[in-house]
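A closer look at the structure
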Amino acid sequence: MQVPARVQPQAVTVRIIAALFLLAAFVGARTPAAQTSAAQTPAQADVGDAALERASEGRTIDIGLLSTGGGVATIPLELYVARVLAGEAEPGAADAAQQALAVAIRTYAIVNEGRHRRDGFDLCDTTHCQVMRTANDYSRRAALATAGRVLTLDGKPVEIFYSASCGGRSESAADVWPGGTRFPYLRSVPDDVHEDEVPWVLTLTLDEIRQALVKAGFGGDRLRDIEIDERTRSGRVARLHLPGLRPDAISGDPFRMAIGPRQLRSTAFSMTRTGNSVRFTGVGYGHGVGMCVIGAGRRARRGESLEAILGQYFPGLALMSLNATAPVESPLPVSVEPPRPPIAPPVTAPPTAVSPAAAVPQAASSDINVRVPNGSSISAGELGRLALRFRESLSRTLGASAGGVTVELHSTIDGFRYETGRPWWVSAAVKGTTIDLAPAPLLAQRDGVEMTLRTAMAELLVSPTLTDRPVWVKVGAARYFARTEPHGAVSRDLKCPADAELTMALSASSQREAESRAERCFARELAKTGDWRSVR
């Protein structure tokens, strides 16, 4: 704000004001928060992009600029951290909170480098990965103060997550993404800095809820009621009953996504129904796993250090320099949470590359590229020959073709789940001309590598023609043409599965049952039309 020209303060007044500022700075430096800031941040001079580039020591991240229409930007790692911090941090948060989030952002970037390798870059700039904004003085200082430091377990950077607000208790990763990933350091812990948080409220009619679920793939003309069937250990909604719809149940997080994550802010809610209206009352914002950005800000304001904040949300992890072979600090303090039974060690990152010797070179004769993990029980050459044979035989049967096919056999179910977004019980996922396969040992326990690959190849070939049909048509066609034995008669009363029964199944058994119905429905309709392209 400018001072009016007619106001002319005297020199003595200026000296008094200057002295008061010095006294305030001295007193402030004695507070715990100020001591933490002084110990952990560089001088409060502006930090430029050049300093962050030097601190990156040659490390860069290729960012897909999806929010601005496309293109790829190669950004020095620490400048990327500063830009994401500007987009993800709580405005005005104290230094310790900014620095804790900077460590989390950097760890996420390092572990997930190559997440979008098939798109030609490492990470995107949307909520799918991490949101970027123009870096500011606060975010640059926090990035520089923590440059090169990441969260590790057993000396390796590990998968971490953060969300806007946990509402008083963080969520276990295993309860948000069940059946696959297990993270011992991402468990549900109390966060006692949310006592004054005002609950949010959302009111919807049953028909509005039904319409949102129908858009997500549910069937049914009338939602008769909605009930909470099960909660997670943190108290969040794990499963809801939906009488009148098909399927008649949905997990908490997919329900939130169907309603809209900005409207239904978290799954930490209760419900009350009055007539045709349902009132949702809840706390928090986001999935609640890992670091709570709002909670970190409150902890920093009450004087907690960077290490204490990270220890609260990621108990058992250690801070380590990317260039170090030993931790730069002791393991982070563990939150005072009662011990839980041991959990399987985490996967540090989904596979992002394979050695040249482990892949079949893409050749004009086969036009099929295969990736397998090192030490795979099935070689890249063998898998490539199977894929070529199945593509040729199915192309003759279907009268359809596809070139440039990629087949990737994953080393872990976590890597498969991460790449495809499908649950652990799904054996293969098809997107465009790419087939992702679950690990070979799991395929051997299910339908086998050959049957799984043949079904996936059939889906790849029929998908372009059936893209505007219900999901059961595509899934049913793939299973029908992958089989070599004849199909029996199908009842006219058989109900074909709704899309959500195939894409949002709650268990392996319900997934298999829905796929079986899809195949039988396709066989019944094909018998009527005689042409797979006409099945609807």
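Here the structure is a predicted model, which means the values were calculated and not measured.

**Here's the deal with helix α5 (residues 95-111)**
Side chains of residues three or four places apart in an α-helix project in the same direction, reflecting 3.6 residues per turn. For α5, built from 17 residues, the straight-helix expectation of 24 Å at 1.5 Å per residue is met to within 8% by its first-to-last C-alpha distance of 24 Å. Counting buried residues in α5 gives 15 out of 17 residues, a clear majority hidden from the surface.

**As for the packing of α5 against helix α11 (residues 306-313)**
Running from N to C, α5 and α11 point in directions that differ by 55°, and their axes come no closer than 8 Å. Put simply, α5 runs oblique to α11. Like other packed secondary-structure pairs, α5 and α11 cross with a definite hand, here right-handed. Mapping the contact onto sequence places Ala96, Ala97, Gln99, Ala100 and Val103 in α5 and Leu306, Ile309 and Leu310 in α11.

**As for the pattern of salt bridges**
Under the criterion given, the structure shown has 33 salt bridges. With a shortest N-O distance of 3.8 Å, Glu90 and Arg301 are connected by a salt bridge. Pair noted here: Glu90 is in the loop between α4 (77-88) and α5 and Arg301 is in helix α10 (residues 293-301), with a separation of 211 residues, a long-range link. Here Arg301 falls in the partly exposed class, since its relative accessible area comes to 47%. Between Arg210 and Asp207 there is a salt bridge, and its shortest N-O distance comes to 3.1 Å. Of this pair, Arg210 and Asp207 both sit in helix α8 (residues 206-215), three residues apart, roughly one helical turn. Each of Arg117, Arg118, Arg371, Glu408, Glu419 and Asp436 takes part in a single network of salt bridges with overlapping partners.

**Observations concerning the state of the cysteines**
Going through the model one piece at a time under the given rule, you end up with one disulfide. Here Cys496 is linked by a disulfide to Cys521, with a sulfur-sulfur distance of 2.4 Å. Between Cys496 and Cys521 the sulfur-sulfur dihedral comes to about -115°; the bridge is accordingly left-handed. Of this pair, Cys496 sits in the loop between α16 (471-482) and α17 (499-503) while Cys521 sits in helix α18 (residues 508-529); the two residues are 25 residues apart in sequence, bridging distant segments of the chain. Accessibility classification places Cys496 together with Cys521 in one group, the buried group.

**Some points on unusual backbone geometry**
Here the bond from Arg246 into Pro247 is cis, since omega is -10°, no more than 30 degrees from zero. For Pro247, the position within the fold is in the loop between β9 (237-241) and β10 (249-251). Located in the positive-phi region is Asp154, a residue other than glycine, with phi close to 55°.

**Some thoughts on the pairing of strand β1 (residues 60-64)**
Bridging between β1 and strand β2 (residues 72-76) involves five bridges; their strand directions are antiparallel. Opposite Asp62, over in β2, you have Thr74 as the bridge partner. In the sheet, β1 pairs with strand β3 (residues 123-124) via two bridges, with the strands oriented parallel. Its bridge partner lying in β3, Ile63 is registered against Leu123.

**Some points on the nonpolar core**
Ranked by internal contacts, the top residues of the largest apolar core, which has 58 residues, are Tyr80, Leu101, Ile160, Tyr162, Met291, Leu310 and Phe314. Here Met291 is in contact with Ala100, Leu101, Ala104, Phe161, Tyr162, Ser163, Ala296, Ile309, Leu310, Tyr313 and Phe314, once residues within four sequence places are set aside.

**What to know about the confidence of the model for the protein chain**
In the predicted model, the protein chain carries a mean pLDDT of 85, and the fraction of residues at 70 or more is 83%. Low pLDDT, under 50, characterises residues 1-43; the stretch is placed with 23 contacts to residues that sit more than four places away or in other chains. The low-confidence segment residues 334-365, where pLDDT is below 50, has 67 contacts with residues more than four positions distant or belonging to other chains.

**Some points on the packing of α8 against helix α9 (residues 252-259)**
Relative to each other, α8 and α9 sit at 100°, their axes nearing to 8 Å. The orientation of α8 relative to α9 falls into the category roughly perpendicular. Taking contact as the criterion, the partners of Ile209, Ala212 and Leu213 in α8 are, on α9, Phe255, Ala258 and Ile259. Here the contact of α8 with α9 is built from residues that sort into six nonpolar, no polar and no charged.

**Considering the packing of aromatic side chains**
Here the distance between the centres and the angle between the planes together describe a pair of aromatic rings. In the structure shown here, the tally under the stated rule is eight aromatic pairs. Each ring, one from Phe161 and one from Phe183, has its centre 6.1 Å from the other, and the planes form 65°; the classification is edge-to-face. Taken together, the positions of Phe161 in the loop between β5 (156-157) and β6 (162-163) and Phe183 in the loop between α7 (173-176) and β7 (200-205) put the pair 22 residues apart, joining distant regions of the chain. The class of Phe161 is buried, set by a relative accessible area of 14%. Given the relative accessible area of 6%, Phe183 is considered buried. Geometrically, the ring pair formed by Tyr480 and Phe481 is edge-to-face, given 5.1 Å between the ring centres and 85° between the ring planes. An aromatic cluster of at least three residues, connected via ring pairs, comprises Phe161, Phe183 and Tyr185.

Rules and cut-offs
- Residues numbered from 1 in each chain as written.
- Predicted model: local features only at pLDDT ≥ 70, side-chain atom pairs only at ≥ 80, totals over all residues.
- Heavy atoms only, no water.
- Helix = DSSP H or I, 4+ residues; strand = E, 2+ residues; numbered from the N terminus.
- Expected span 1.5 Å × (residues − 1).
- Buried < 20%, exposed > 50% of the residue type's maximum accessible area, 1.4 Å probe, protein only.
- Axes fitted to C-alpha atoms, helices over the stretch in contact; angles between N-to-C directions.
- Parallel < 35°, antiparallel > 145°, perpendicular 65-115°, else oblique.
- Left-handed = near helix turned anticlockwise from the far one by under 90°.
- Contact = heavy atoms within 4.5 Å.
- Salt bridge = Lys/Arg side-chain N within 4 Å of Asp/Glu carboxyl O.
- Disulfide = S-S within 2.5 Å.
- Pairing = 2+ DSSP bridges.
- Core = buried A, V, L, I, M, F, W, Y, C linked by side-chain atoms within 4.5 Å.
- pLDDT = per-residue confidence, 0-100.
- Nonpolar A, V, L, I, M, F, W, Y, C, P; charged D, E, K, R; others polar.
- Phe/Tyr/Trp six-rings, centres within 6.5 Å; stacked < 30°, edge-to-face > 60°.

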